[in-house]
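Structural description and commentary
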Amino acid sequence: MHLINGVRDPATSFPLETAIDDAGERRQANRAIAVSAVGLALTGLIELAIALVSGSVALLGDALHNLSDVSTSALVFVGFRASRRLPTERYPYGYERAEDLAGIGVALVIWGSALVAGFESVDKLLRHGGTAHVGWGIAAAAVGIAGNQLVARYKLTVGRRIRSATMVADAKHSWLDALSSAGAMLGLIGVALGWAWADAVAGIVVTGFICHVGWEVTADIAHRLLDGVDPEIITAAETTAAAVPGVQHAHARARWTGRTLRVEVEGFLDPDTSLAAADQIGRTVASALVPQIPDMHSFTWSARAV
């Protein structure tokens, strides 16, 4: 049997040598979520206690932000759990996108933290509120810096290893908390030097940091949900496929579903190419793409007569 001019050969998916240990990656993700949640809960509670005693709005905003990370960790955990569900007729690609949807929750929590921190800071600035126990506040801010840096680095390492945009976004959120802790510390140092307004101003600066990372996280998640990929992936797929003997030219598409990069290549072949030969060409294209696109974990091939 040969390809009929203008008619597409049925799309075929081939197993790849880059098959991932999904169960192992989920264990890493769950462990990272649990460890970071405990660390941030302790950090946030220490800061919150000192903030309530001292009246520092910068430290209060930082504490709320740290405690919000515990809720975002819960959202990420739910996303990973939901993405385990197997494909169905209604959801043929499975539930991998649940991880990306959890990222929306992370973004919303970040923006909520910005709203609370901004309101409290402006309110204190306008009413000229005071700050007490400055030394304890500075110590609590130092705890916040250290705790958040450790958690952020851990989650970022795991997130990049397992290609999870949501976990990377959550790591950026924790990194932001370290910056906001530093801002709170500077404000309290200013108060210690006699600048009563420094704490409120520091709170406003912290709010600015929160908004900046909130924008970055929102953009990253939107990019995934809109099927955005690095243009170099498409270029590499089309160039590599076109270089395989028998392929006259190729058209490629790609998208992320959760942590899975799915690449689809449409190869244009000679009309006299048999279906068996077209299938073998597709397997050759898949093998050639593996070293070129190491993140590819799903490949679909369809042949079309020129």
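Residues numbered from 1 in each chain as written. Predicted model: local features only at pLDDT ≥ 70, side-chain atom pairs only at ≥ 80, totals over all residues. Heavy atoms only, no water.

So, on to the overall build of the protein chain. Check the secondary structure of the protein chain and you find eight helices and four strands. Reading the protein chain from its N end, one meets helices and strands in the order β-α-α-α-α-α-α-α-β-β-α-β. Restricting to contacts in the protein chain with at least 6 residues of sequence separation, those with at least 24 account for 76%. Carbon and sulfur atoms form 65% of the exposed surface of the protein chain, whose accessible area is close to 14,400 Å². (Helix = DSSP H or I, 4+ residues; strand = E, 2+ residues; numbered from the N terminus. Contact = heavy atoms within 4.5 Å. Areas by Shrake-Rupley, 256 points an atom, 1.4 Å probe, with all protein chains shown as cover.)

For the rest of this paragraph, the subject is the environment of Ser 71. Within the fold, Ser 71 resides in helix α2 (residues 57-82). Residue classification places Ser 71 among the partly exposed positions, given a relative accessible area of 33%. Between the C-alpha atoms of Ser 71 and Val 109, which are 38 residues apart in sequence, the distance is 8.1 Å. (Buried < 20%, exposed > 50% of the residue type's maximum accessible area, 1.4 Å probe, protein only.)

Attention now goes to a nonpolar patch on the surface. There is a patch of nonpolar side chains on the surface, built from Val 122, Leu 125, Leu 126, Leu 186, Ile 189, Leu 193, Trp 195, Trp 197, Val 201, Ile 204, Val 205 and Phe 209 and spanning about 1,100 Å² of accessible area. Broken down by secondary-structure element, the contributors of at least two residues to the nonpolar patch are α3 (98-127), α5 (165-192) and α6 (198-225). For the nonpolar patch, the leading source of residues is α6, giving four residues. Tracing the backbone shows Phe 209 in helix α6. (Patch = residues over 30% accessible without salt bridge, like charges linked within 9 Å, V, L, I, M, F, W, Y side chains within 5 Å. Salt bridge = Lys/Arg side-chain N within 4 Å of Asp/Glu carboxyl O.)

Positive phi, close to 60°, is recorded for Asp 227, a residue that is not glycine. The exposure class assigned to Asp 227 is partly exposed, which follows from its relative accessible area of 29%.

The end-to-end C-alpha distance of helix α4 (residues 134-161), which contains 28 residues, comes to 41 Å, matching closely the 40 Å that a straight helix rising 1.5 Å per residue would cover. Among all positions of α4, only Val 134, Gly 137, Ala 140, Ala 141, Gly 144, Gly 147, Asn 148, Val 151, Ala 152, Lys 155, Val 158 and Gly 159 are buried. Phi for Arg 163, located one or two positions after α4, is positive at around 60°. (Expected span 1.5 Å × (residues − 1).)

This part covers the packing of helix α7 (residues 231-242) against helix α8 (residues 275-292). In the contact formed by α7 and α8, the axes pass within 9 Å of each other and the chain directions differ by 140°. The orientation of α7 relative to α8 falls into the category oblique. As for how α7 packs across α8, the hand of that crossing is right-handed. Residues Ala 236, Ala 237, Thr 240 and Ala 241 of α7 form the contact with α8, whose own contacting residues are Val 285, Ala 288, Leu 289 and Gln 292. Of the residues assigned to the contact of α7 with α8, the class counts are six nonpolar, two polar and no charged. (Axes fitted to C-alpha atoms, helices over the stretch in contact; angles between N-to-C directions. Parallel < 35°, antiparallel > 145°, perpendicular 65-115°, else oblique. Left-handed = near helix turned anticlockwise from the far one by under 90°. Nonpolar A, V, L, I, M, F, W, Y, C, P; charged D, E, K, R; others polar.)

Moving on to the confidence of the model for the protein chain. Chain-level statistics for the protein chain give a pLDDT mean of 80 and a share of 90% at 70 or above. Within the protein chain, the lowest mean pLDDT, 63, falls on strand β1 (residues 12-14), and the highest, 92, falls on α7. Low pLDDT, under 50, characterises residues 4-9; the predicted model gives this stretch 17 contacts beyond four residues in sequence or across chains. (pLDDT = per-residue confidence, 0-100.)

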